[in-house]
Amino acid sequence: VTWHHPVAELFPPMPEEDYRALVEDIRRNGVLIPVLVDSENRVIDGRHRWQAAKEAGVPCPTVTWDGSDAWLAAQSTNLIRRHLSKEQVVAIRLLAAKDHPDVAAPIQEAQNAARARQASHGAAPGRPANTSGNAAQSVRATDKIGEQVGVSGRTVRNVQAAAKADPEALRRIVDGEATSREIVREHRTAQKRQRTAQLEALETPTLLDAYPIVCADPPWRYDSVSTPDLRASENQYPTMALDDIKA
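Note that the structure is a prediction, hence the values are computed from the model and not measured. (Residues numbered from 1 in each chain as written. Predicted model: local features only at pLDDT ≥ 70, side-chain atom pairs only at ≥ 80, totals over all residues. Heavy atoms only, no water.)

> Even after reading the chapter, I still don't get the overall build of the protein chain, so can you show me in this structure?
A tally of regular secondary structure across the protein chain gives ten helices and three strands. For the protein chain, the α and β elements follow one another from N to C terminus as α-β-β-α-β-α-α-α-α-α-α-α-α. Looking at the protein chain as a whole, 36% of its 247 residues qualify as buried. Within the protein chain, contacts between residues at least 6 apart in sequence are counted, and of these 62% link residues at least 24 apart. Looking at the protein chain as shown, the accessible area adds up to about 15300 Å², and 52% of this sits on carbon and sulfur atoms. (Helix = DSSP H or I, 4+ residues; strand = E, 2+ residues; numbered from the N terminus. Buried < 20%, exposed > 50% of the residue type's maximum accessible area, 1.4 Å probe, protein only. Contact = heavy atoms within 4.5 Å. Areas by Shrake-Rupley, 256 points an atom, 1.4 Å probe, with all protein chains shown as cover.)

Take a look at the structure:
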């Protein structure tokens, strides 16, 4: 074995406690399931078994994958066998779609179908089509993508929102470093800090000396939004709590 196939790196590393247990099990019993490698002897599936066998000093049997797409072999075992969150499954699939046409094709097909529905019913891009009650035609592309991986469309939208906020979001979600909500919240906080600094740097004139009454629409803060949405007012300008407005 030379090293890991790139497709193997799509999946998160095994937790350290589980890996130590795997090393001890392989030390006692050997590698019971051969590691899957490609024609260049790169690990497609079983990189932890290979590493554990190397560390335990025992032989590691391999079997060569004879299929055309390594992704098909890796995902068939890892997505089912691993204890992955729904967001991790979506993020892995979106990462794989970047390099594997077979993965990208159904995603692109769902997106194209959604655009066609939007165009035929005059809906804005990215929004559900207005079909006057015809729910079958108003399905979002994210709902179709969710069906492909066994999750809800909302989960897909949350992961996509995180990916828009942070170029490294998919990798962070796969590795378990952060959830989509945490990544979007980080992005919002950074944007608000930047906008606040920009506003504080502006020289604003005093109006009270020129006018006895000033009518203003303060930047109200709404705390009822429960799902990440990069179009929310919180992401367009710094908002204020009611106590700050009254002050």
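> What is the right way to look at helix H4 (residues 86-97) in this model?
The periodicity of an α-helix, 3.6 residues per turn, causes residues three or four places apart in sequence to face the same way. In this model, H4 (twelve residues) spans 17 Å end to end at C-alpha, consistent with the 16 Å of a helix rising 1.5 Å per residue. The element H4 is largely enclosed, with a buried count of eleven among its twelve residues. (Expected span 1.5 Å × (residues − 1).)

> Sorry if this is basic, but what is going on with the packing of helix H6 (residues 141-149) against helix H7 (residues 153-165) here?
For any two helices packed against each other, one specifies the inter-axial angle together with the distance between the axes. One can describe the packing of H6 onto H7 by two numbers: an axis separation of 7 Å at closest approach and a directional angle of 105 degrees. Taken together, the axes of H6 and H7 are roughly perpendicular relative to one another. Only Gly153, Val156, Arg157 and Gln160 of H7 make contact with H6, whose side of the interface consists of Thr142, Asp143, Ile145 and Gly146. Its residues assigned to classes, the contact of H6 with H7 shows two nonpolar, four polar and two charged. (Axes fitted to C-alpha atoms, helices over the stretch in contact; angles between N-to-C directions. Parallel < 35°, antiparallel > 145°, perpendicular 65-115°, else oblique. Nonpolar A, V, L, I, M, F, W, Y, C, P; charged D, E, K, R; others polar.)

> Teacher, can you tell me more about the packing of helix H1 (residues 16-29) against helix H2 (residues 47-56) here?
In contact at an axis separation of 9 Å, H1 and H2 are set at 60 degrees when each is read in the N-to-C sense. When the axes of H1 and H2 are compared, the pair comes out oblique. H2 is crossed by H1, and the crossing has right-handed handedness. Residue-level contacts link Tyr19, Arg20, Leu22, Val23, Ile26 and Arg27 of H1 to His48, Arg49, Gln51, Ala52, Ala53, Glu55 and Ala56 of H2. Looking at the contact of H1 with H2 residue by residue, the class counts come to seven nonpolar, two polar and four charged. (Left-handed = near helix turned anticlockwise from the far one by under 90°.)

> Whenever I open this one, the pattern of salt bridges confuses me. Can you help?
Any two side chains of opposite charge can pair if their charged atoms end up close together. Considering all chains together, one arrives at twelve salt bridges under this definition. Its salt-bridge partner being arginine 42, residue glutamate 40 comes within 3.7 Å of it at the nearest N-O pair. Overall, the relative accessible area of 51% leaves glutamate 40 in the exposed class. According to the relative accessible area criterion, arginine 42 is partly exposed, its value standing at 23%. The partner of aspartate 175 in a salt bridge is arginine 171, and the shortest N-O contact between them spans 3.0 Å. Because the salt bridges share partners, they merge into one network encompassing Asp166, Arg172, Glu177 and Glu186. (Salt bridge = Lys/Arg side-chain N within 4 Å of Asp/Glu carboxyl O.)

> Could you clarify how one ought to interpret the sheet that holds strand S2 (residues 43-45) in this entry?
Strand pairing in a sheet relies on backbone hydrogen bonds. The paired strands run either parallel or antiparallel. Here we have three strands laid out as an open sheet, ordered S2-S1-S3, and mixed in their pairing. The open sheet has two free edges, formed respectively by S2 and strand S3 (62-64), since each of these has just one partner strand. Within this sheet the neighbouring strands show an average axis-to-axis angle of 45 degrees, counted without direction. For strand S1 (residues 35-37) and S2, the ladder comprises two bridges, and the chain directions are antiparallel. From the neighbouring strand, leucine 36 faces S2, where its bridge partner is aspartate 45. Contacts from H2 reach S1 and S2 within the one sheet, and its direction differs from that of S2 by about 120 degrees. (Pairing = 2+ DSSP bridges.)

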